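Spelled out from the first residue to the last, the chains are:
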Amino acid sequence: MKNFDNKVVLITGSGSGLGKDAAIAFAKLGASVVVSDVNVKGGEEVVEEIKKLGGESIFVKADVSKKEEVQNLIKNTIQKYSKLDIAVNNAGIGGPFKPTTMYTDEDWDRVIAINQTGVFYCLREELKVMAAQKSGVIVNISSIAGLRAMGNGCAYVASKHAVVGLTKATAVEYARFNIRVNAVCPVFTKTPLVEQLLDVDPAMEKKLIQGIPMRRYGEPADMTNAILWLCEESSAFVTGLCLPIDGGMMA
Ligand SMILES: NC(=O)c1ccc[n+]([C@@H]2O[C@H](COP(=O)([O-])OP(=O)(O)OC[C@H]3O[C@@H](n4cnc5c(N)ncnc54)[C@H](O)[C@@H]3O)[C@@H](O)[C@H]2O)c1
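First things first, this report covers the structure right here in the doc. (Residues numbered from 1 in each chain as written. Predicted model: local features only at pLDDT ≥ 70, side-chain atom pairs only at ≥ 80, totals over all residues. Heavy atoms only, no water.)

### Looking at the sheet that holds strand 1 (residues 8-12)
Part 1 of the argument: If you walk across this open sheet you meet the seven strands as 3-2-1-4-5-6-7, and the pairing is parallel. Whereas interior strands pair on both sides, the edge strands pair on one side only; in this sheet they are strand 3 (56-61) and strand 7 (242-245). Each strand axis lies, on average, 20° off the axis of its neighbour in the sheet, ignoring direction.
Part 2 of the argument: Across six bridges, strand 2 (residues 32-37) lies against strand 3 in parallel orientation. Along strand 3, the bridge assignment pairs S32 with E56.
Part 3 of the argument: The strands touched by helix 1 (residues 17-28) within the sheet are strand 1, strand 2, strand 4 (86-89) and strand 6 (179-186), with strand 1 carrying the most contacts at an inclination of about 170°.
Part 4 of the argument: Taken strand by strand, helix 3 (residues 67-81) contacts strand 1, strand 2 and strand 3, and its axis lies near 155° from that of strand 3. (Pairing = 2+ DSSP bridges. Helix = DSSP H or I, 4+ residues; strand = E, 2+ residues; numbered from the N terminus. Axes fitted to C-alpha atoms, helices over the stretch in contact; angles between N-to-C directions. Contact = heavy atoms within 4.5 Å.)

This is how it looks when you write it as structure tokens:
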């Protein structure tokens, strides 16, 4: 018996990076995984990888910033698997790396639409299903930037703080429905998102690592292990927690 046998897990933005790593880990532990992303190629490849490992998975394309696509994602999940046990709201973008005064309306709106409103749209639909089931676990992916500021990414920092707020608000509201809502707040982890940042300023790599007491980047597995724990029975009394996985940075 594996930890997540018979569980249905939905992960947004799982065609790449942290979401992909978590999707494969859940599948290896017995879950049926709904892989969702705007990137069809990336998402379908993850499903193929899971199937090669003997796991169960489907891909559903959804842009989390579009409410109809999020509704369709949940509808497809329920049509296929009849329930939703676990949701990981992971889809996100970094946005432009520049000072606040250089941010255009479009720069701001795009980051907020995906990182903040996207998490709200997902939470709203997931919570409807889970409240009716009277069970469920949700993990939102915020960031260290949801707990402290970093320069040159005002929309990212604001949106990730909002994810922390949404996590706490929904945890308090839905505890009585037997639903737990927590967040993981990763430090820099080498995925395509961070590689884009390093492409703009290669000197950044050294600077970023100096701020981390353990002097290394996070590995996707560090984040996946935290997500898995927050979805297991061993964390049954944990809700509203926004957990930094950061090599000591927040200390
Ligand atoms: N990598 C890090 O250092 C780091 C640190 C802190 C937080 N995070 C957060 O982790 C999450 C995953 O990031 P990652 O590092 O794996 O990046 P990534 O770019 O590898 O993966 C993000 C995925 O989200 C998808 N996506 C983007 N916009 C979308 C949309 N509108 N709808 C649906 N999917 C969309 C992308 O196609 C991509 O597959 C993000 O929320 C990010 O902010 C990452």
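### Focus on the side chain of E232
Part 1 of the argument: Looking at the secondary structure, you find E232 in the loop between helix 8 (220-231) and strand 7.
Part 2 of the argument: Separated by 3.0 Å, the side chains of E232 and N3 make a polar contact.
Part 3 of the argument: Dropping the residues within four chain positions of it, E232 is found in contact with N3, F4 and R180. (Polar contact = N/O pair within 3.5 Å; in protein donor to acceptor, adjacent residues only side chain to side chain.)

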